[in-house]
Amino acid sequence: MRKTFNIGLIAFAILTYLTLIGLPTRLAGATQPVLAVLLALFVYAVLRGPARETGMGLGQLLQHGLLIGLVAGLLLVVEVGFFNSLLGDGVKIQPVFDQIVPLNMAAMLNVRAGTVLNGEVSPIAYAILALYLALAGVAGGLLVHFTRSGAAGSMRGVHIPGTRWFTILLPFALFAFIYYLGLDGVTTFGNDKNIIRLLLVLMATGSGLFALRAAHAGLEQLIIGALLAVVLLCLPFVLNQFQNSVMNIVFIFVMMGLGLNIVVGYAGLLDLGYVAFFAIGAYVYAFVSAPFSSPYISALLTGMGISPQSPLLGYWSAIPLAMLTAAIGGVLLGIPVLRLRGDYLAIVTLGFGEIIRLFMLNLGDLTNGPRGLLQIAQPTLFGVAPAALTTHLDAQGWIFLLAILGSAVVAFVAIRLNDSRLGRAWVAMREDEDVAQATGIHLVQTKLLAFAIGATFAGLAGQLYAARQVNIFPENFSLFVSIDALALIIVGGMGSIPGVVLGALALKGLPEVLRGVDEYRIVTFAVLLIVMMIVRPEGILPSARRRRELHSEDAELPVDEDEQLEGGHA
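Residues numbered from 1 in each chain as written. Predicted model: local features only at pLDDT ≥ 70, side-chain atom pairs only at ≥ 80, totals over all residues. Heavy atoms only, no water.

1. As for the overall build of the protein chain
Working step 1: Check the secondary structure of the protein chain and you find 27 helices and two strands.
Working step 2: In the protein chain, buried positions account for 50% of the 570 residues.
Working step 3: When contacts within the protein chain are restricted to residue pairs at least 6 apart in sequence, long-range pairs at least 24 apart make up 76% of them.
Working step 4: Summed over all atoms, the accessible surface of the protein chain reaches about 25900 Å², with 67% contributed by carbon and sulfur. (Helix = DSSP H or I, 4+ residues; strand = E, 2+ residues; numbered from the N terminus. Buried < 20%, exposed > 50% of the residue type's maximum accessible area, 1.4 Å probe, protein only. Contact = heavy atoms within 4.5 Å. Areas by Shrake-Rupley, 256 points an atom, 1.4 Å probe, with all protein chains shown as cover.)

2. Considering the environment of Phe-177
Working step 1: Relative to the elements of secondary structure, Phe-177 occurs in helix α8 (residues 162-181).
Working step 2: The contact partners of Phe-177, leaving out residues within four places of it in the chain, are Phe-189 and Leu-200.

3. Quick look at helix α15 (residues 342-362)
Working step 1: Across its 21 residues, α15 extends 31 Å between first and last C-alpha, which sits within 8% of the 30 Å expected from 1.5 Å per residue.
Working step 2: Restricting attention to buried positions, one finds in α15 the residues Leu-345, Ala-346, Thr-349, Phe-352, Gly-353, Ile-356, Arg-357 and Met-360. Each buried residue of α15 lies within a common arc of 130° when the element is viewed along its axis, so the set occupies one face. Residues of α15 that are exposed and point over 90 degrees away from its buried face: Asp-343, Tyr-344, Ile-347 and Asn-362.
Working step 3: Tucked inside the fold, the buried residues of α15 contact α12 (275-289), α14 (315-334), α16 (364-367) and α21 (443-469). (Expected span 1.5 Å × (residues − 1). Arc of directions from axis to C-beta.)

4. Some points on the packing of aromatic side chains
Two aromatic rings are characterised by how far apart their centres lie and by the angle between their planes.
Working step 1: One pass over the structure, following the stated rule, counts 14 aromatic pairs.
Working step 2: Relative to Phe-477, the ring of Phe-278 lies with its centre 5.8 Å away and its plane at 65°, an arrangement referred to as edge-to-face. Residue Phe-278 is found in helix α12, and its partner Phe-477 is found in the loop between α21 and α22 (479-492); the two are separated by 199 residues along the sequence. Just as Phe-278 is buried, Phe-477 falls in that class too.
Working step 3: A ring pair is formed by Tyr-465 and Phe-477, whose centres lie 6.0 Å apart and whose planes are at 75°; its orientation type is edge-to-face. Pair noted here: Tyr-465 is in helix α21 and Phe-477 is in the loop between α21 and α22, with a separation of 12 residues, a long-range link.
Working step 4: Aromatic rings pair up to connect Phe-253, Phe-278, Tyr-283, Phe-287, Tyr-465 and Phe-477 into one cluster.
Working step 5: If you follow Arg-164 out to its NZ or CZ, it ends over the ring of Trp-165, 4.8 Å from the centre. (Phe/Tyr/Trp six-rings, centres within 6.5 Å; stacked < 30°, edge-to-face > 60°. Lys NZ or Arg CZ within 6 Å of the ring centre and 35° of its normal.)

5. Here we look at a nonpolar patch on the surface
Working step 1: On the surface, a nonpolar cluster with roughly 620 Å² of combined accessible area is contributed by Tyr-296, Leu-300, Met-304, Ile-306, Leu-312, Leu-313 and Leu-321.
Working step 2: In this fold, Leu-321 is placed in helix α14.
Working step 3: Taking relative accessible area as the criterion, Leu-321 reaches 34% and is therefore assigned partly exposed. (Patch = residues over 30% accessible without salt bridge, like charges linked within 9 Å, V, L, I, M, F, W, Y side chains within 5 Å. Salt bridge = Lys/Arg side-chain N within 4 Å of Asp/Glu carboxyl O.)

6. Structural notes on the nonpolar core
One recurring pattern in soluble globular proteins is that nonpolar side chains are buried together.
Working step 1: Ranked by internal contacts, the top residues of the largest apolar core, which has 164 residues, are Met-247, Phe-251, Phe-277, Phe-278, Trp-426, Ile-472 and Phe-477.
Working step 2: Looking at this core element by element, the count peaks at 16 residues for helix α11 (residues 241-266).
Working step 3: Phe-277 has contacts with Asp-271, Ala-326, Gly-329, Gly-330, Leu-333, Phe-352, Ala-455, Ala-458 and Gly-459, leaving out every residue within four places of it along the chain. (Core = buried A, V, L, I, M, F, W, Y, C linked by side-chain atoms within 4.5 Å.)

7. A few points about the confidence of the model for the protein chain
Working step 1: Per-residue confidence for the protein chain averages 85 on the pLDDT scale, and 89% of its residues sit at or above 70.
Working step 2: Ranking the elements of the protein chain by mean pLDDT puts helix α27 (residues 561-565) last with 34 and α12 first with 95.
Working step 3: When the criterion is pLDDT under 50, residues 553-570 qualifies, and its contacts beyond four places in sequence or with other chains add up to 21 contacts. (pLDDT = per-residue confidence, 0-100.)

8. A few points about helix α10 (residues 219-238)
Working step 1: Between its first and last C-alpha, α10 extends 29 Å over 20 residues, near the 28 Å set by a 1.5 Å rise per residue.
Working step 2: Regarding α10, the residues found buried are Ile-224, Leu-228, Leu-232, Leu-235 and Pro-236. End-on view of α10: buried residues confined to an arc of 125°, all on one side of the axis. For α10, exposure combined with an orientation more than 90 degrees from the buried face picks out Leu-219 and Leu-222.

9. A look at the pattern of salt bridges
Working step 1: One pass over the structure, following the stated rule, counts eight salt bridges.
Working step 2: Salt-bridge contacts for Arg-341 lead to Asp-434; the nearest nitrogen and oxygen are separated by 3.3 Å. With Arg-341 in the loop between α14 and α15 and Asp-434 in helix α20 (residues 433-438), this residue pair connects regions lying 93 residues apart in the sequence.
Working step 3: The partner of Asp-484 in a salt bridge is Lys-508, with the nearest N and O atoms 3.1 Å apart. In this pair, Asp-484 sits in helix α22 while Lys-508 sits in helix α23 (residues 497-513), placing the two residues 24 residues apart along the sequence.
Working step 4: Residue classification places Asp-484 among the buried positions, given a relative accessible area of 7%.
Working step 5: Residue Lys-508 is classed as buried on the basis of its relative accessible area, which comes to 12%.

10. Quick word on the packing of helix α3 (residues 31-54) against helix α4 (residues 58-88)
Working step 1: It is the contact of α3 with α4, at a shortest axis distance of 11 Å, that shows an interaxial angle of 140°. With respect to each other, α3 and α4 are oriented oblique. Between α3 and α4 lies a crossing of right-handed hand. Contacts between α3 and α4 involve Leu-39, Val-43, Val-46, Leu-47 and Ala-51 on the former and, on the latter, Leu-61, His-64, Gly-65, Ile-68 and Gly-69.
Working step 2: Within the contact of α3 with α4, the residues separate by chemical class into seven nonpolar, three polar and no charged. (Axes fitted to C-alpha atoms, helices over the stretch in contact; angles between N-to-C directions. Parallel < 35°, antiparallel > 145°, perpendicular 65-115°, else oblique. Left-handed = near helix turned anticlockwise from the far one by under 90°. Nonpolar A, V, L, I, M, F, W, Y, C, P; charged D, E, K, R; others polar.)

11. Describing unusual backbone geometry
Working step 1: Backbone geometry places Asn-368, a non-glycine residue, at a positive phi of 65°.
Working step 2: Tracing the chain through its elements places Asn-368 in the loop between α16 and α17 (386-389).
Working step 3: You can call Asn-368 buried: its relative accessible area is 13%.
Working step 4: Of note, the phi angle at Val-470 is positive, near 70°, even though the residue is not glycine.
Working step 5: Tracing the chain through its elements places Val-470 in the loop between α21 and α22.

As structure tokens, then:
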């Protein structure tokens, strides 16, 4: 029980962190249900492994879950009560904790801010918060019991086929609710409707990945995938400008992450300078779509009798140029690092990324230096902006639509590469370069292809990013962009295409919902990566190969009767 109590303390620390960054203020009336869901998922994550190893029964799981929920809930109630007493006495807490304001504390207890200021919070409000979290712990224990015998969902001796269909139908239900919230006259969630709607979009997209995994391979999976694709393609037409803006940056990073996944996940080459190819694609498109922004190109075109005020190439015709230039950059990076591995490779590629950024900053005649390249042309459809054709699709929605299509194309190519002879060569090289070379794999060619193909996808993403931003600056391509891309691969699942999508949703989408987290981005990334490495090193949605590599010892664990019937799926 001592270990369970310590887990409850960790859960309390997480809930305290979310409180200190102002999450309740953003969620308003939905605070308690959201915290309960987060706690239930936390309990599920920490109990799932021990439950498999020790064979805990339902009663034990409920007992552990209840204790975790009670510890976290009661301590949180004491903490909130302490802050409320200070606020009621007129103590200024903001100079120390800037997000501890009456509105934040009121959202935690689902009362009015004036009630907190006047010190009139009822004990019942505190009891409800503690009860919510205690029940959340119990729900987490139940979730472990229901899911440990397979994705289809079953308890010991009791098969629950409805769990699989719940997983499959959940994204469609969420998408329907998102559409309902967007209707005129719907005032659910009040001023926070846009934020809640964005959160639901992220949840629906992520749950769609789990729905595909729960579907049976073959016709069922094909039909569900097609329906999810249609619903996803309809989103740009029903979301507002802010929501489309967040989602298009998410899917731009999906494109970028899929490219980096080839280099890191498939080939095992740790590239920390991946942002360089992203920048190359963005700047190449800026040069050809807004030549007047570059003093050197503008003067060159004027000397040739060509007006620099008109784009040299449109968005669609510039795609091959941006991708080819980025691929050449990938080869140029790959040549000098062919003999490097591990940390040495990471350091050299990190330096390459910084060199490209400094070039963009210092080559003022070509790149306009820190003033950046301005008025970059946005993509059109047969020469017409789609926003001019329909009121249901704004400029950000159009970029979102292109990002979805681009991500689908990149994902398709990545899947084909993974199943190809080249993909198997990358995996062999990742496992052991010496053995791979001894079996006849040409290491130089294989490494250069990994760098070039990964860079090509980054160039495509960079071009769309430049079109989205309209104005780009060297500071848009700092080291943290590479860290973002690498982090979403690690969190989602290295070598896993669904994992890349889920990682982008979590690390690029959620910070826009939880604005306070953005102020602590580096701390959040560090904590998240540490937790992932301890709890689930293979990622949230790992590839089957990666899961087997990191959990080969599971073959020695006792197998449930239901697991044998399900084919041993965990």
